[in-house]
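Okay, here's what each chain looks like letter by letter:
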Amino acid sequence: MDDIKGYDFANSDADPIDDNGHGTHVAGIIAAVGNNSKGIIGVAPKAKVMALKWSGNGGTGMSTCIASAMRYAVDEGADIINASIEAGGKSSLLEEVINYAYSKGCVSIVASGNENLDANYFNPANAASAIVIGASDKNDKRSSFSNYDPKVDIIAPGKDILSLLASNSNYSQN
């Protein structure tokens, strides 16, 4: 493991370069520093981001890679895990690692999903210990694509958000 540069659990190497772009986009929303000549600043510009990659360039990843990365983050002292991912059904593996994070005082923030369906049918949104975030639009209403359910704890802006973009990325910021 590379505790300085990060780690790629999808390819089992110390090169967590974001070839999809979503991780860089989310990290920028969270922690982009101000006065960066990009016209953006993160909501927590002094936050430290641990670069852990768990998906391939298509943006999909295996639950085992996701769980390994999350457990690694917890064991390395992460206070918060952001997992803006979704898959249908339940995952006992992801629920177990989210519960493990919770038991260690680490908060897991997860996406409700983008299918305009009940978030309870998607993991890790249906994990009991997760904080679930849905997407709002420019009118502060639930975005038409955002999953919903009483399990959704918070909605936050989730469309047309200016952020960082990884070079050679195939990720669209819309």
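Look up a bit, the structure's there.
Residues numbered from 1 in each chain as written. Predicted model: local features only at pLDDT ≥ 70, side-chain atom pairs only at ≥ 80, totals over all residues. Heavy atoms only, no water.

(A) Quick peek at the nonpolar core. Judged by nonpolar contacts, the single largest core of 28 residues is most densely connected at Trp 54, Met 70, Ile 81 and Ile 98. If you list the elements that add at least two residues to this core, you get α2 (63-75), β3 (80-83) and α3 (92-103). Looking at this core element by element, the count peaks at eight residues for α2. Those residues in contact with Trp 54 that sit more than four places away from it in its chain are Ala 10, Gly 61, Met 62, Cys 65, Ile 66, Ala 69, Met 70, Asn 82, Ala 83 and Ile 85. (Core = buried A, V, L, I, M, F, W, Y, C linked by side-chain atoms within 4.5 Å. Buried < 20%, exposed > 50% of the residue type's maximum accessible area, 1.4 Å probe, protein only. Helix = DSSP H or I, 4+ residues; strand = E, 2+ residues; numbered from the N terminus. Contact = heavy atoms within 4.5 Å.)

(B) Representation of the environment of Ser 92. Tracing the chain through its elements places Ser 92 in helix α3. For Ser 92, a relative accessible area of 65% puts it in the exposed group. For the pair Ser 92 and Asp 8, spaced 84 residues apart in sequence, the C-alpha separation works out to 23 Å.

(C) Geometry of the pattern of salt bridges. Inspection of every chain in the model, using the stated rule, returns five salt bridges. Across the pair Asp 19 and Lys 53 runs a salt bridge whose closest N-O atoms are separated by 3.2 Å. Taken together, the residues Asp 19 in the loop between β1 (7-8) and α1 (22-31) and Lys 53 in strand β2 (residues 52-53) connect sequence positions 34 residues apart. In the salt-bridge network here, residues are joined through shared partners; they are Asp 8, Asp 19 and Lys 53. (Salt bridge = Lys/Arg side-chain N within 4 Å of Asp/Glu carboxyl O.)

(D) View of the packing of α2 against α3. The contact between α2 and α3 brings their axes to 9 Å, and the two run at 5°. Judged on the interaxial angle alone, α3 and α2 are roughly parallel. Counted together, Ser 63, Thr 64, Ile 66, Ala 67, Met 70, Arg 71, Val 74 and Asp 75 of α2 and Leu 93, Leu 94, Glu 96, Val 97, Ile 98, Tyr 100 and Ala 101 of α3 form the full contact between these two elements. For the contact of α2 with α3, the residue count by class is 10 nonpolar, two polar and three charged. (Axes fitted to C-alpha atoms, helices over the stretch in contact; angles between N-to-C directions. Parallel < 35°, antiparallel > 145°, perpendicular 65-115°, else oblique. Nonpolar A, V, L, I, M, F, W, Y, C, P; charged D, E, K, R; others polar.)

(E) Spotlight on the side chain of Ser 108. Tracing the chain through its elements places Ser 108 in strand β5 (residues 107-111). Ser 108 gets classed as buried once you look at its relative accessible area, which sits at 2%. In contact with Ser 108, other than residues within four places in its own chain, are Met 70, Ile 81, Ile 98, Ala 101, Ala 130 and Ile 131.

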